[in-house]
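Summary of structural features
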Amino acid sequence: MRSVLAVVALLLWLPSAFAASLEESLRQGDEALARRDLVAAMTAFTAALETDPRNVKAAYERGRLLTMIGEPGKAVADFTTAIIEDPGFGRAYVGRAQAKLALKDGRSAIDDFDQAIAVAPEDADVHMARAAFRLKIGNLAGARADLEAAKAVADPATSARIGEMLNKLGGG
């Protein structure tokens, strides 16, 4: 009987230990990012993904780090995990698009930028990311349109800065 109670107690304890470990890893990752300690952040988000391989935040943040350190192929995999788990997470599409650009997969990157806006039209950052891409490829009209859309959904301070950018582009 004692062994049965011990097993039941263990089974009741495991989910809370799992959640605490995951939350602790995510917290450590966030703190490391705030300190700009990329190695510690990578370690923490990897630990979170070892605990929960489908964790959206950990996959997204590690994808961003992998892109920064020149591992875009691995980053695409992490961003894809985040997208599968949260198809409405526009910034994950943006991250995957940026990683694909590093892999010279422009057509697929464009699709991801478009999808980011389709799933998160109220996120000014996704509009600005596509605007930056469009500026880089010389599509000024498209960049202006994205900046106008970003300005429409941004907070007042960001909207004012976007207005300044539009003025510099000759259309604000």
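Residues numbered from 1 in each chain as written. Predicted model: local features only at pLDDT ≥ 70, side-chain atom pairs only at ≥ 80, totals over all residues. Heavy atoms only, no water.

Before going further, it helps to spend a moment on the confidence of the model for the chain. Residues at a pLDDT of 70 or more form 87% of the chain, whose mean pLDDT is 90. In this model residues 5-18 is a low-confidence stretch, pLDDT under 50, and it forms 2 contacts with partners more than four residues away in sequence or in other chains. (pLDDT = per-residue confidence, 0-100. Contact = heavy atoms within 4.5 Å.)

Scanning all chains against the criterion turns up 16 salt bridges. The residue Lys57 makes a salt bridge to Asp30 at a minimum N-O spacing of 2.8 Å. In this pair, Lys57 sits in helix H3 (residues 56-68) while Asp30 sits in helix H1 (residues 2-35), placing the two residues 27 residues apart along the sequence. Judged by its relative accessible area of 31%, Lys57 is partly exposed. (Salt bridge = Lys/Arg side-chain N within 4 Å of Asp/Glu carboxyl O. Helix = DSSP H or I, 4+ residues; strand = E, 2+ residues; numbered from the N terminus. Buried < 20%, exposed > 50% of the residue type's maximum accessible area, 1.4 Å probe, protein only.)

It is worth spelling out the packing of aromatic side chains at this point. Summed over the entire model, instances satisfying the criterion amount to 3 aromatic pairs. Pairing Tyr60 with Phe89 gives two aromatic rings, centres 4.8 Å apart and planes at 50°, and the pair type is tilted. Here Tyr60 is found in helix H3, whereas its partner Phe89 is found in the loop between helix H4 (72-85) and helix H5 (90-102), with 29 residues between them in sequence. The class for Tyr60 is buried, based on a relative accessible area of 13%. Taking 5.1 Å as the distance between ring centres and 25° as the angle between the ring planes, the aromatic pair formed by Phe113 and Phe133 counts as stacked. Residue Phe113 is located in helix H6 (residues 106-119), and its partner Phe133 is located in helix H7 (residues 124-136); the two are separated by 20 residues in the primary sequence. Exposure remark for Phe113: the relative accessible area of 2% places this residue in the buried category. (Phe/Tyr/Trp six-rings, centres within 6.5 Å; stacked < 30°, edge-to-face > 60°.)

Axis separation between helix H8 (residues 140-153) and helix H9 (residues 156-169) bottoms out at 9 Å; the angle between their running directions is 160°. In terms of axis orientation, H8 runs roughly antiparallel to H9. In the packing of H8 onto H9, the handedness of the crossing is left-handed. Between H8, through Leu140, Arg144, Leu147, Glu148, Ala150 and Lys151, and H9, the contact on the second element is made entirely by Ser159, Ile162, Gly163, Met165, Leu166 and Leu169. Residues that form the contact of H8 with H9 fall into these classes: 7 nonpolar, 2 polar and 3 charged. (Axes fitted to C-alpha atoms, helices over the stretch in contact; angles between N-to-C directions. Parallel < 35°, antiparallel > 145°, perpendicular 65-115°, else oblique. Left-handed = near helix turned anticlockwise from the far one by under 90°. Nonpolar A, V, L, I, M, F, W, Y, C, P; charged D, E, K, R; others polar.)

Turning next to unusual backbone geometry. Residues other than glycine seldom take positive phi values, yet Arg36 does so here, at roughly 65°. On the secondary structure map, Arg36 appears in the loop between H1 and helix H2 (38-51). We note that Lys104 has phi near 65°; this positive angle belongs to a residue other than glycine. Positionally, Lys104 belongs in the loop between H5 and H6. According to the relative accessible area criterion, Lys104 is exposed, its value standing at 75%.

Core analysis: the largest hydrophobic core is formed by 31 residues, its most contacted members being Leu26, Phe45, Ala58, Val94, Phe113 and Val126. Elements that contribute at least two residues to this core include exactly H1, H2, H3, H4, H5, H6 and H7. Setting aside its immediate chain neighbours within four residues, Leu26 contacts Phe45, Ala48, Asn55, Lys57 and Ala58. Core analysis: the next-biggest nonpolar cluster, separate from the first, contains 7 residues, Ala124, Leu147, Ala154 and Leu166 among them. (Core = buried A, V, L, I, M, F, W, Y, C linked by side-chain atoms within 4.5 Å.)

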